[in-house]
Amino acid sequence: MRKDIVTGEMAPKKELVRIVRDKENNVAVDPTGKMSGRGAYITLDVDVAKKAKKDRTFDKVFETKVDDTFYDDLISYVDHQQARRELFDNGKA
């Protein structure tokens, strides 16, 4: 279980994506969860990703200026993962 830094809710790691800041203050999505650096988790939900962009959540968490393109890329990534989950989970049911 990990805590979503936007909502504050606990969720299984499989329902979250890790965001990491490396030593050079580069912030990136870490789909494997194995990149080195300081990590934070966010739920695979487009609305949560949009809220993170609106509130500049990762700027605050990582204490660095995060470019808008990162937030846009994060929203796209989460949207893609959410669509995949819906497609494949519905196929199992």
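The structure contained in this document is the topic of the report that follows.

Cut-offs used in this document
Residues numbered from 1 in each chain as written. Predicted model: local features only at pLDDT ≥ 70, side-chain atom pairs only at ≥ 80, totals over all residues. Heavy atoms only, no water. Helix = DSSP H or I, 4+ residues; strand = E, 2+ residues; numbered from the N terminus. Buried < 20%, exposed > 50% of the residue type's maximum accessible area, 1.4 Å probe, protein only. Contact = heavy atoms within 4.5 Å. Areas by Shrake-Rupley, 256 points an atom, 1.4 Å probe, with all protein chains shown as cover. Lys, Arg positive; Asp, Glu negative; His and termini not counted. Charge placed at Lys NZ, Arg CZ, Asp CG, Glu CD. Pairing = 2+ DSSP bridges. Core = buried A, V, L, I, M, F, W, Y, C linked by side-chain atoms within 4.5 Å. Phe/Tyr/Trp six-rings, centres within 6.5 Å; stacked < 30°, edge-to-face > 60°. Salt bridge = Lys/Arg side-chain N within 4 Å of Asp/Glu carboxyl O.

1. Some points on the overall build of the protein chain
When its secondary structure is counted, the protein chain shows three helices and five strands. The order of α-helices and β-strands along the protein chain, N terminus first, is β-β-β-β-β-α-α-α. Overall, the C-alpha framework of the protein chain stretches about 45 × 25 × 20 Å when taken along its three principal axes. Relative to its full complement of 93 residues, the protein chain shows a buried share of 34%. When contacts within the protein chain are restricted to residue pairs at least 6 apart in sequence, long-range pairs at least 24 apart make up 48% of them. Accessible surface for the protein chain amounts to roughly 6100 Å². Of this, 48% is attributable to carbon and sulfur atoms. Across the protein chain, the centroid of the 19 positively charged side chains sits 5 Å from that of the 18 negatively charged ones.

2. Some words on the pairing of strand S3 (residues 16–21)
Buried residues dominate S3, accounting for six of its six residues. In terms of strand pairing, S3 meets strand S5 (residues 38–43) through six bridges, oriented antiparallel. Counted as the bridge partner of Arg21 is Arg38 from S5.

3. What about the environment of Ile5?
In this structure, Ile5 sits in the loop between strand S1 (2–3) and strand S2 (10–11). Sequence separation between Ile5 and Val61 is 56 residues, and the spatial gap between their C-alpha atoms is 8.3 Å.

4. Brief notes about the nonpolar core
Core analysis: the largest hydrophobic core is formed by 20 residues, its most contacted members being Val17, Ile19, Ile42, Phe58, Phe70, Leu74 and Val78. Per-element tally for this core: the top contributor is helix H3 (residues 68–92), with five residues. Sequence-distant contacts of Ile19, defined by excluding residues within four places in its chain, comprise Val27, Ala28, Val29, Arg38, Gly39, Ala40, Ile42, Phe58, Phe62, Phe70 and Leu74.

5. Looking at the packing of aromatic side chains
What the rule picks out here adds up to four aromatic pairs. Their ring planes at 90° and their centres at 5.8 Å tell us that Phe58 and Phe70 sit as a pair that is edge-to-face. Linking Phe58 in helix H2 (residues 57–62) with Phe70 in helix H3, this pair joins segments that are twelve residues apart in sequence. Pairing Phe58 with Tyr71 gives two aromatic rings, centres 6.2 Å apart and planes at 40°, and the pair type is tilted. Here the residue Phe58 occupies a position in helix H2, and Tyr71 occupies one in helix H3, the gap between them amounting to 13 residues.

6. Let's talk about the pattern of salt bridges
What the rule picks out here adds up to five salt bridges. Salt-bridge contacts for Asp30 lead to Arg18; the nearest nitrogen and oxygen are separated by 2.6 Å. Pair noted here: Asp30 is in strand S4 (residues 27–30) and Arg18 is in strand S3, with a separation of twelve residues, a long-range link. Between Arg56 and Asp68 there is a salt bridge; the shortest N-O distance is 2.4 Å. Remark: Asp68 occurs in helix H3 and Arg56 occurs in the loop between helix H1 (46–55) and H2; sequence separation between them is twelve residues. Salt bridges here are not isolated pairs; linked through shared partners, they connect Arg56, Asp59 and Asp68.

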